[in-house]
Every structure is written in C-alpha cells, then in structure tokens.
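Residue-level listing of the chains:
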Amino acid sequence: MTSITNVILNLFQDLNHQEKRCRTKFGMTAEKGFTLIELMVVLSITAVLGTLGIAGFVNYNQVQTLQTAANDLATTLNVARSRALSQVKLGSSCTSQILQGYSVDISIPNSYTLSNRCSGITSNLYTKTLPQNVTFKTPDTSPTSFFFPVLLGGVQAPGQIVITGFGRYQGIVVNSL
C-alpha cells in the first residue's frame, strides 16, 4: 500500500517539476495570487449584484410603506365600526351624552381623523398622517367622511379610498357589511 502511495507522490512531484520548467521556459513565473483582470472581473460582478440587491430592497421598502399605510387606515375604519357596534364611549365630551357613532374623516392629501359624535358634538380622538410620499387619491364620487352609527353595523355612506405612493395604488372599499 505504501508503494502505491509513493508512486503517486512521485508522479505528482514529477508533474510539478515539469510545470515549473514549462513556466520558466515560456517566461512565466511561478508566483501565487490573482491577476489584475481576475480581480476586476470579480469586483465588477460584485458591484452588479450589489446594485441589484439595493434596487430590490428599495422597491420592497416602498411597497411595504404603502401597504402599512393602507393597513393602518383599514384598522382605524374597523375600530370606528366596532366601537359604534359596542357603543363604547371614548373622550371626555361624551361621558354624559348619547353616543350617535364614530366617524373617520379623510383630509386630503395625507391625514385622517377618528372621532366620535355624541348628541351632535364631535370630538376628535386621534389624527394620523400618512408616511412621506404617500397621499390619498379618493375618487370624485366617494365621500371623504365615513360615519358608523351606533347599532347599525356598517357605514352610513359606502365608498372607496385610494392611497397612492411610489407609482403604486392601494384601494380600500368601505361598505355597509
């Protein structure tokens, strides 16, 4: 077994010696390392892949920003609906008065307010602003205020809300269901 190993080692040593002789004969040195062209190719490929990765991340971030803004508004609409159904009174102006319902008011271009209405008095609970570069683009036929009366289970005037940003659109349908 050791003789076979020795034979293989001798063959590799002979090949290595012949390779060194050929390199010297043709003016090549036996230095180890990478050539400048090899390094440039590797750096170019790395730069292209990095650029594609950054562009993909920016696109993903924009889509998520728009989706998050739409989800926040949908959550606010659901909060208004559920509080109207459960007749929960929030705000100091509504404690001794009759709750009529909750409304979400769209303020174009980029904010919306949740408020309650008690005996004709409207009290703002909170206002949220859309992220930068994201705005409302509601259709002309759609209302900008959605009122959820107590015990009806839906909105008084259905409509559609469109949020736009980064060249994309996200729609929210507000209906009486």
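Below is a summary of the structure that appears in this document.

Quick notes on the rules
Residues numbered from 1 in each chain as written. Predicted model: local features only at pLDDT ≥ 70, side-chain atom pairs only at ≥ 80, totals over all residues. Heavy atoms only, no water. Helix = DSSP H or I, 4+ residues; strand = E, 2+ residues; numbered from the N terminus. Buried < 20%, exposed > 50% of the residue type's maximum accessible area, 1.4 Å probe, protein only. Contact = heavy atoms within 4.5 Å. Areas by Shrake-Rupley, 256 points an atom, 1.4 Å probe, with all protein chains shown as cover. Pairing = 2+ DSSP bridges. Axes fitted to C-alpha atoms, helices over the stretch in contact; angles between N-to-C directions. Core = buried A, V, L, I, M, F, W, Y, C linked by side-chain atoms within 4.5 Å.

## Remarks on the overall build of the chain
Secondary structure summary: the chain contains 2 helices and 7 strands in total. Counting from the amino terminus, the chain carries its helices and strands in the arrangement α-α-β-β-β-β-β-β-β. Out of the 177 residues in the chain, the part that is buried amounts to 25%. Within the chain, contacts between residues at least 6 apart in sequence are counted, and of these 52% link residues at least 24 apart. Of the roughly 12000 Å² of accessible surface on the chain, a fraction of 59% belongs to carbon and sulfur atoms.

## A closer look at the sheet that holds strand E3 (residues 121-129)
Strands sit in the order E3-E2-E1-E5 across an open sheet of 4 strands; the sheet is antiparallel. The open sheet is flanked by E3 and strand E5 (145-149), the only strands paired with a single partner. Averaged over neighbouring strand pairs, the angle between their axes works out to 20° when direction is ignored. Pairing of strand E2 (residues 111-118) with E3, which is carried by 8 bridges, proceeds in the antiparallel orientation. Note on E3: the bridge partner recorded for Ser-115 is Asn-124. Relative to strand E1 (residues 99-107), helix H2 (residues 36-86) is tilted by about 165°, and along the sheet it contacts E1, E2, E3 and E5.

## Topic: the sheet that holds strand E6 (residues 159-165)
One open sheet holds the 3 strands; their spatial order is E4-E6-E7, and the pairing between them is antiparallel. At either end of the open sheet lies a strand with only one pairing partner, and these are strand E4 (134-136) and strand E7 (168-174). Across the sheet, the axes of successive neighbouring strands diverge by a mean angle of 20°, strand direction being ignored. Sheet topology note: the E6/E7 ladder contains 7 bridges and is antiparallel. In the sheet register, Gly-159 faces E7, and the bridge partner there is Val-174. Strand contacts of H2: E4, E6 and E7, with the helix running at about 15° to E7, the strand carrying the most contacts.

## A few points about the nonpolar core
Membership of the largest hydrophobic core comes to 26 residues, with the highest contact counts inside it found for Leu-73, Leu-77, Ile-161 and Ile-163. For this core, the secondary structure elements donating two or more residues are H2, E1, E2, E4, E5, E6 and E7. Per element, the largest residue contribution to this core is 7 residues, and it comes from H2.

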